[in-house]
Structure formats: structure tokens, C-alpha cells
Amino acid sequence: MLSTLAAQVAGLVRTNWVTEVTERGEAVALWREYERGEHRAEMTTEMRQMLRIADSRAGRQFNANYCDMVIQTMADRLTVVGIEGDNDAATAWSAALLADNRFDGLQMDAIAASLRDGITFVMVGWDNDAQRVTLTHELAWDGTTGVIPIYDRANKTLIAAFKVWYEGENDARRVNLYYPDRIEKYVMGVGGGMSAMEDSLPWTDTAGAPLGVPLIALANRARTASPLGTSEIDMVVPLQDALNRTLVSMVMTCELAGFPVRIALGFIPPSNITPASWLAIGGGAAISKDQQVAWGVMESASLVPFISQSEFLIDQIGEVSRTPLSRNGASSAASGESLKQREVKLVSKSYQYQVKAGNAFEDMIEMAARVGAAFGSTIPPVSGRWSCKWAAAELRNDAETVANVIATREIMGDEQALRQLARVFGWDAPEVARILAAQQTARTSMLSAVLDRTPRFGAL
């Protein structure tokens, strides 16, 4: 199938494009399996029999899934609180757009997916029936379905993209090819061949200028040479495998300690031995003086080395992923400052993510404004720039934050103080503006009342 897609965009992709896309899809599929806890379990049939597990559960029954923990720990620190324009009208339009598209839930899925898959996409579309701009989350290619982006030779600009999915009563595989100025629609046959183009929709503004590829890439740790980014658990997977093998060894060691392998030399022991029962050597028959008879238990390994190894592997997972795991020195009695020091690396990589992801969300709103102007009956407010606002990534002490704001209010002014408090109380920009207006109204009324009670100079 990928060869067919490559032929469709032959002038835009490199000769090894099919290999690159195949390998990337396999990596994404693996990362998703590890997030779900479906880990590779390379066990022999005898090992599975000893552990009494079914083959279908071998990858889930004996593992401690730190991959999901690494992803969710970082995702919990990444929350967009709004995307503001350079004027109140643009900010209000953006807030309404995000609310209409339930962006609070969409961003949770998109951010977690980008951390897991390395890259994910938000599609900007137009609902002609509802007459509004739509935002939808689109997953990256995993070898079966998803979005396959095509970048220019410099790996900087998204010049086209495929979206592959299954749809319809016959579960047909459909393909959309997105260009900056049009959208082409196809259906793929069972053998992987592509049908004739079903439709070609223009994707231009009212002046005929291209709106741009409607897929906004949200990449994690993307670089110029690697625009697809990388998963937060890419380096965790081999450590997770080693930890799982250690856990299996620990379970088997405990099994052998609780139910040891016994040794009988020179006689056949009865099979129905119970605690406190007598064992008759030879079954009651006389034993000759030359016959060797012995019994015992096969020595089992100690659990201590396995425990030390598992703790080492957990520490390494925390180090390579820069994630403060519960194993890494956490304590319920630790001070706030101690907890902050433990999470310095996590906060650092979270802020790095916010910079580029924030740019992507700003591009998303900018394209949404262009789409709304191109297809809508009303033109969205113009904004020269957009600014993505994030909640703080650090552990927050709300009482301490409020106290600090009150202490510095006279220096920073009421407006900035309210913006700081908004992070604690969840106020958006319109709510801050409303509070400021109410304060001003109250002050004006108070001043008027004072002036009304003050004797006029003419009466003195």
C-alpha cells in the first residue's frame, strides 16, 4: 500500500520513503503497546508452563508498567489555559472556538499522544452544516491507519499529508491527500491499489490563495533533521523489558522457595506426602547395606539480588526519562522545596515542550481564523499574533502563590496581580477583565460618594 501512496506523490518524497514510513509505523505501534502494558515477553513454552500463564497474557501478567507512568506524569504538567490574540475581540473569538470544539478534552488526548508517538496532529476543518470551524485530533501512522506527513527537503515545512482510515459498511480503506490548496479523496482496494480520485475539494481563501495543509503537527522533541519527534518512552522500552524479566525471575524464585524441587536418591518417594507424615524409605522393604539412599531439597536463589536489580532499573527509567518516580527518593514527609528539586528535570523538559507545542497551537488558531474567513459568513477578528498560555508546570502551592501576589500587588499593579491569581482560581481573560471593570466601578462610586459629602469651596 505504501508503494501506491509513494507513487501518488513521487515528486515530493525520497526514494527510501516507503522504508522510512514502514519503520516509523512499527515504532509507533510498539510505543502504543508498551503504554497499554502489552510488553514483549520472550518466554519459552517451558517457562510459560512453570509460571502457569496463557500465551495470550504473557506480555501483561508479569510486568510493572512504567511506560504509561512516564507519559502521564509529563502530560499532567501540560495544560493549555487559553490562546490569546493581540486584542480583546480576537481573544474572545479564540475562547469561543476552543469551547465549541471541547478543546479541554482534545488537548489532553493530543498532548498525551504526542508524548507517546513522538508526533500527532490537529486537523482544522469546516462544518458546512453548523457553519463553524472544527478541530479534530488525528493520530500518527502506526502501520495500519493514521496520518503520514510529507515535509520538504529541508524537513521544515509540511507540504502534503496522507490520512488513512477505514470507513463505511464494507470497512473500506480510505485515503485523503491534503495539499496546501486542495484535498483529494481516494478509496484503496483489497490488493492495495488506489481507485480513481473520488473528489477534489478546493482549499483556498476567497482570493484563491492556498489555506495551507490543514494538519497541524504537535511534535515532541522534534529537531530539524527529525521533524517527526520521538517518544518519551523510546529509551524506556529496553529498560522496561529488563525490569519485566527481573520480575519474572523473582516470581519464579518465590515459587521455587515455596514449592521447592525435592531430591530422592536410591528410592521412589510416595506421591501423597503430607506435612507431619512419615516417609517410609523403600516402602517398608528391607534396604541392603550397600544401597545408597538420600533425600533433600534443591537449593533456591536469594531474592535480594533481584530486588536490588529491580530498584536499579526503576532508577534508570527515572533518569533516562527525566521523570521523578516514586522509587527515586520520594517521601510523604518531604518538604515542598525538596519535591521541587526532585522534579527540576521534569519541569525543564515540560517547558521545552510548551515552547514548540505552543507555537503549534498558535498556528492552529491562525489557520482556524483563515478557514473561518474563507468559508464563514462572518470574518473572524484579525490578530497580528497569537499567544498560547499554559498552566505552570511546577508543583504549585496555592496558598503561597496567593500570599506572594498580595505582598507584591502594589508593585505589579491590579491587572498583573489578577493574572497571577487567575492561575490559581482558573479565571480566563474575560473573567479577569470583568473583575477589573468591577473594581474600577466600585472605586468610581466610592470617590463620587466622598466628593458628594465634601463641602464645596464656595460654601467656606
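Given the structure is predicted, the values throughout are model-derived calculations rather than measurements.

Moving on: the overall build of the protein. Within the protein, the secondary structure is distributed over 14 helices and 12 strands. Whereas a compact globule of 460 residues would reach a radius of gyration of roughly 23 Å, the protein reaches 32 Å, over 25% beyond that. Dimensions of the protein, computed from C-alpha atoms along their principal axes, come out at roughly 135 × 80 × 40 Å. Among the 460 residues that make up the protein, the fraction classed as buried is 37%. Sequence-distant contacts in the protein: of pairs separated by 6 or more residues, those separated by 24 or more amount to 64%. Once the 43 positive and 54 negative side-chain charges of the protein are each reduced to a mean point, those two points are 3 Å apart.

Looking now at the layout of surface pockets. Of the volumes computed, that of the largest pocket is approximately 920 Å³. Taken together, 36 residues make up the lining of the largest pocket; nearest its centre are Val-80, Val-81, Gly-82, Lys-389 and Trp-427. Elements supplying a minimum of two residues to the lining of the largest pocket: strand E1 (80-84), helix H6 (88-100), helix H7 (103-117), strand E12 (387-390), helix H13 (409-425) and helix H14 (429-453). Class assignment for the residues of the lining of the largest pocket results in 17 nonpolar, 8 polar and 11 charged. In this structure, the second largest pocket is lined by 24 residues; those nearest its centre are Tyr-151, Lys-156, Ala-217, Ala-360 and Asp-363. Elements represented by at least two residues in the lining of the second largest pocket include exactly strand E9 (215-219) and helix H11 (344-375). Of all the elements, H11 adds the most residues to the lining of the second largest pocket, at 8 residues. Considered class by class, the residues forming the lining of the second largest pocket number 13 nonpolar, 5 polar and 6 charged.

With that settled, consider a nonpolar patch on the surface. A surface patch of nonpolar side chains, about 420 Å² in accessible area, is lined by Met-50, Leu-256, Val-261, Ile-263 and Met-298. One can find Ile-263 in strand E10 (residues 262-265).

This part covers the sheet that holds strand E7 (residues 182-188). In spatial order, the strands read E4-E5-E6-E7-E8; together these 5 strands make up an open sheet with antiparallel pairing. One side of each edge strand has no neighbouring strand; the edge strands of this open sheet are strand E4 (146-151) and strand E8 (199-202). Taking the axes of each pair of neighbouring strands and ignoring which way they run, one obtains an average angle of 20° across the sheet. Both strand E5 (residues 158-167) and strand E6 (residues 172-178) contribute to a ladder of 7 bridges, which runs antiparallel. The residue bridging Lys-163 from the neighbouring strand is Asn-176, located in E6.

Scanning the entire structure with this criterion turns up 7 aromatic pairs. Considering the side-chain rings of Trp-17 and Phe-162, the 6.3 Å spacing of their centres and the 50° angle between planes classify their relative orientation as tilted. In this pair, Trp-17 sits in helix H2 (residues 17-36) while Phe-162 sits in strand E5, placing the two residues 145 residues apart along the sequence. A residue is classified by how much of its surface remains accessible, and Trp-17, at 7% relative accessible area, is buried.

Looking now at the packing of H6 against H11. Closest axis-to-axis distance for the H6/H11 pair is 11 Å, and the angle between their directions is 95°. Put simply, H6 runs roughly perpendicular to H11. Between H6, through Trp-93, Ser-94, Leu-97 and Leu-98, and H11, the contact on the second element is made entirely by Met-364, Ile-365, Ala-368 and Ala-369. The residue inventory of the contact of H6 with H11, partitioned by class, reads 7 nonpolar, 1 polar and no charged.

With respect to topology, 3 strands assemble into an open sheet ordered E3-E2-E9, the strand pairing being antiparallel. Each edge of the open sheet is held by one strand with a lone partner, namely strand E3 (132-138) and E9. Each strand axis lies, on average, 25° off the axis of its neighbour in the sheet, ignoring direction. For strand E2 (residues 119-127) and E3, the ladder comprises 7 bridges, and the chain directions are antiparallel. Bridging from a neighbouring strand, Val-122 pairs with His-137 of E3. In this fold H11 packs onto E2, E3 and E9, with an angle of close to 170° to the strand it touches most, E9.

Mapped onto the elements, Asn-101 comes out in the loop between H6 and H7. Overall, the relative accessible area of 11% leaves Asn-101 in the buried class. In this structure the side chain of Asn-101 is engaged in a polar contact, spanning 2.8 Å, whose partner is the backbone nitrogen of Leu-135. With residues up to four places along the chain from it excluded, the contact list for Asn-101 reads Leu-106, Arg-132, Val-133, Thr-134 and Leu-135.

In terms of nonpolar packing, the biggest core is built from 67 residues, with Ile-83, Val-124, Leu-215, Tyr-353, Phe-361, Met-364 and Trp-390 touching the most fellow members. For this core, the element with the most residues is H11, which contributes 12 residues.

It is worth spelling out the pattern of salt bridges at this point. Taken as a whole and assessed by the stated rule, the structure comprises 19 salt bridges. Across the pair Arg-36 and Glu-38 runs a salt bridge, and its minimum N-O distance is 3.2 Å. For Glu-431, the salt bridge is made with Arg-434, and the minimal N-O distance between the two is 2.8 Å. Note that Glu-431 and Arg-434 are positioned in helix H14 at a spacing of 3 residues, about one turn of the helix. Accessibility expressed as a relative area gives 24% for Glu-431, which makes it partly exposed. Each of Arg-32, Glu-35, Arg-116, Asp-117 and Asp-142 takes part in salt bridges that share partners, so that together they form one network.

The subject of this paragraph is unusual backbone geometry. The backbone of Gln-131 sits at a positive phi, close to 55°, despite the residue not being glycine. Here Gln-131 shows up in the loop between E2 and E3.

With 90% of its residues at a pLDDT of 70 or more, the protein shows a mean pLDDT of 85. In this model residues 329-335 is a low-confidence stretch, pLDDT under 50, and it forms 3 contacts with partners more than four residues away in sequence or in other chains.

Parameters at a glance
Residues numbered from 1 in each chain as written. Predicted model: local features only at pLDDT ≥ 70, side-chain atom pairs only at ≥ 80, totals over all residues. Heavy atoms only, no water. Helix = DSSP H or I, 4+ residues; strand = E, 2+ residues; numbered from the N terminus. Rg over C-alpha atoms; globule rule 2.2 N^0.38 Å. Buried < 20%, exposed > 50% of the residue type's maximum accessible area, 1.4 Å probe, protein only. Contact = heavy atoms within 4.5 Å. Lys, Arg positive; Asp, Glu negative; His and termini not counted. Charge placed at Lys NZ, Arg CZ, Asp CG, Glu CD. 1 Å grid on protein atoms, 1.4 Å probe; cavity = no way out; pocket = protein on both sides within 12 Å on 5 of 7 lines; lining within 4 Å. Points joined across faces, edges and corners; volume = space filled by probe spheres on them. Nonpolar A, V, L, I, M, F, W, Y, C, P; charged D, E, K, R; others polar. Patch = residues over 30% accessible without salt bridge, like charges linked within 9 Å, V, L, I, M, F, W, Y side chains within 5 Å. Areas by Shrake-Rupley, 256 points an atom, 1.4 Å probe, with all protein chains shown as cover. Salt bridge = Lys/Arg side-chain N within 4 Å of Asp/Glu carboxyl O. Pairing = 2+ DSSP bridges. Axes fitted to C-alpha atoms, helices over the stretch in contact; angles between N-to-C directions. Phe/Tyr/Trp six-rings, centres within 6.5 Å; stacked < 30°, edge-to-face > 60°. Parallel < 35°, antiparallel > 145°, perpendicular 65-115°, else oblique. Polar contact = N/O pair within 3.5 Å; in protein donor to acceptor, adjacent residues only side chain to side chain. Core = buried A, V, L, I, M, F, W, Y, C linked by side-chain atoms within 4.5 Å. pLDDT = per-residue confidence, 0-100.

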